[in-house]
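# Descriptive analysis of the structure
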Amino acid sequence: MELKKMVIIDDEPLIASGLAEKMDWSSMGIRIVGTACNGEQGLKLIDETMPDIVVSDIVMPALNGIQLAELCAQRYPNMKIILLSAHSD
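These numbers come from a predicted model, not from an experiment.

Cut-off values and rules
- Residues numbered from 1 in each chain as written.
- Predicted model: local features only at pLDDT ≥ 70, side-chain atom pairs only at ≥ 80, totals over all residues.
- Heavy atoms only, no water.
- Helix = DSSP H or I, 4+ residues; strand = E, 2+ residues; numbered from the N terminus.
- Rg over C-alpha atoms; globule rule 2.2 N^0.38 Å.
- Buried < 20%, exposed > 50% of the residue type's maximum accessible area, 1.4 Å probe, protein only.
- Contact = heavy atoms within 4.5 Å.
- Areas by Shrake-Rupley, 256 points an atom, 1.4 Å probe, with all protein chains shown as cover.
- Lys, Arg positive; Asp, Glu negative; His and termini not counted.
- Charge placed at Lys NZ, Arg CZ, Asp CG, Glu CD.

What follows is about the overall build of the protein chain. From N to C terminus, the protein chain includes 3 helices and 4 strands. When the helices and strands of the protein chain are placed in sequence order, the string is β-α-β-α-β-α-β. A globule of 89 residues ought to have a C-alpha radius of gyration of about 12 Å, and the protein chain, at 12 Å, matches this closely. With the C-alpha coordinates aligned to their principal axes, the bounding extent of the protein chain is approximately 35 × 30 × 20 Å. Buried positions account for 37% of the 89 residues belonging to the protein chain. Here the contacts in the protein chain between residues at least 6 apart in sequence split such that 70% fall between residues at least 24 apart. Entry remark: accessible area of the protein chain is about 5,500 Å², with carbon and sulfur atoms responsible for 54%. Positive and negative side-chain charges in the protein chain, numbering 7 and 13 respectively, have mean positions lying 9 Å apart.

Written out as structure tokens, the structure is:
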């Protein structure tokens, strides 16, 4: 079985590394192909690695998660995007 590729984007390093390292992704058929600390870096990483899944924070510098999701939906309509936020608003 080929593993699905996933990218994690979050401006909080502890969140990004925690998501990447604390879950047994391979048992769920997923391989982490990279992490990024803001939306601009994340978009570059997405263009380079072509992941199947993107997990992204919403509130980030440079390019927020909603803007990133909109760009990904236009460029890669089959890509699955999961947005996370610790903010109540």
